[in-house]
Amino acid sequence: MMKRVLLATSGGDCPGLNAVIRGVVKRAAMEGNWEVLGSIQAYNGILWEPTEIKILTESTVKDIHNLGGTIIETTNKGGPFAWPLFNKQTGQWEYVDRSDEMIRKLRLMGVDAVICIGGDGSQRISHQLYEKGLDIVGVPKTIDNDLSATDLTFGFRTAVQIATEAIDKLVTTAASHNRTFIMEVMGRNTGWIALEAALAGGADVCLIPEIPYDVNKIIDKLNSKYKRGRGYAIIVVAEGAQPKDGHIVAEKADEIGYSNMRMGGIAFELSRQLKEAGFEGDIRETVLGHLQRGGVPVAYDRILATRFGVKAFELVKDGLFGQMVSFKQSEIISVPLSEAVGHTKFVEPDSEIVHAARSCGISFGD
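The following paragraphs examine the structure supplied in this document.

Criteria and thresholds
Residues numbered from 1 in each chain as written. Predicted model: local features only at pLDDT ≥ 70, side-chain atom pairs only at ≥ 80, totals over all residues. Heavy atoms only, no water. Helix = DSSP H or I, 4+ residues; strand = E, 2+ residues; numbered from the N terminus. Rg over C-alpha atoms; globule rule 2.2 N^0.38 Å. Buried < 20%, exposed > 50% of the residue type's maximum accessible area, 1.4 Å probe, protein only. Core = buried A, V, L, I, M, F, W, Y, C linked by side-chain atoms within 4.5 Å. Salt bridge = Lys/Arg side-chain N within 4 Å of Asp/Glu carboxyl O. Contact = heavy atoms within 4.5 Å. Pairing = 2+ DSSP bridges. Axes fitted to C-alpha atoms, helices over the stretch in contact; angles between N-to-C directions.

Comments concerning the overall build of the protein chain
- Assigned secondary structure in the protein chain consists of 11 helices and 17 strands.
- Here the C-alpha atoms of the protein chain give a radius of gyration of 22 Å, agreeing with the 21 Å that 2.2 N^0.38 yields for 366 residues.
- In terms of principal-axis extent, the alpha carbons of the protein chain reach across some 80 × 50 × 35 Å.
- Across the 366 residues in the protein chain, those meeting the buried criterion constitute 51%.

What to know about the nonpolar core
- Residues Ile115 and Phe154 are the most contacted members of the largest nonpolar core, which totals 67 residues.
- For this core, the leading source of residues is helix H5 (residues 156–177), giving 8 residues.

Focus on the pattern of salt bridges
- Summed over all chains, the structure comprises 18 salt bridges.
- For Glu101, the salt bridge identified is with Arg98, shortest N-O distance 2.7 Å.
- Look at Glu101 and you get partly exposed, because its relative accessible area is 25%.
- Notably, a salt bridge pairs Arg358 with Asp366, separated by 2.9 Å at the nearest N-O pair.
- Among the charged side chains, a network of salt bridges with common partners joins Arg27, Glu31 and Glu314.

Some remarks on the side chain of Asn87
- The residue Asn87 is located in strand S4 (residues 83–87) in this model.
- On the basis of relative accessible area, Asn87 is assigned to the buried category, the value being 17%.
- Non-local contacts of Asn87, meaning those with residues more than four positions away in its chain, are made with Gln92 and Glu94.

Thoughts on the sheet that holds strand S3 (residues 53–56)
- What the 7 strands build is an open sheet, ordered S3-S2-S1-S6-S7-S16-S17; its pairing is mixed. This sheet does not close on itself; its edge strands, each paired only once, are S3 and strand S17 (331–336). Strand-to-strand, the axes of this sheet are offset by a mean angle of 30 degrees, without reference to chain direction.
- Pairing between strand S16 (residues 323–328) and S17: 6 bridges, direction antiparallel. Within the sheet, the bridge partner assigned to Ser326 lies in S17 and is Ile333.

On their own, these measurements won't tell you what the molecule is for.
Right under this line is the structure:
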């Protein structure tokens, strides 16, 4: 009897998503009695009328492991528990719970299980669906590497590589013009990308959310990089960094169905703070933004993502639902979704990697 597993990629895109999809499909094909479906744009493909579902075969996933993005698309807006609906009477957008309807549709389609590839918010939804009786398995996905239930998430290494290459390029123009460059990277409320890119790229200053900064301490470091007006410096700043007694640079998004704060702009705010505090050097700002999310995943992320995909299908095959795949001490294991969500993995200010960065002369502005 043929069985069906449905795949959904949810939340922001991430290098390695296609490698997970390929891992699931290739492993399922070995069983001979499993059909893999892909829901377009996370769960939207199920809830839309008509539905948008893609059959995923070995032919479909051929050579997609080196492609960025996701062949079944993704979204970080709305969801089955908060489906945006425009009320014509009030002229306002409302959010309705369509989770029961979605579960019924999945069962009518003969779907035996769901694999959701997504970050913390997506896996919260996975856990809620599991509690409602849906057989579901989660695969962690985020370039931020901020999920505590796994040592590493695919996409992170690619994001760090992109940021490091950007630092390498900025160094040459900074040296040529005797400038200070501020490079802003993603990470939301954690500083993993900023920290590892700063260490790999030999930055002079690294500002992360976990260590609030003092602008005067940054100026002291920058001044040490100049002699008689000549010199240069590189500052790497995480989008969630903030000064002591200050606040994160963010604003509420006006996109329908998007509930997260839109972060970004700290590079320009920091530039303003430095100038107001008296730093006389020439400053330029670079915001990497979504460049960190796109493009070809590095080999490490392809391998990790593939291993996640294989493990996710095997959890489904063995009936181990309500679990999320995890990378712990170089092994692929699983952890309960209830334990996997809601616990952010922050950079510890007294950790070995921060110590190594300080020992190499990187200032954290504290």
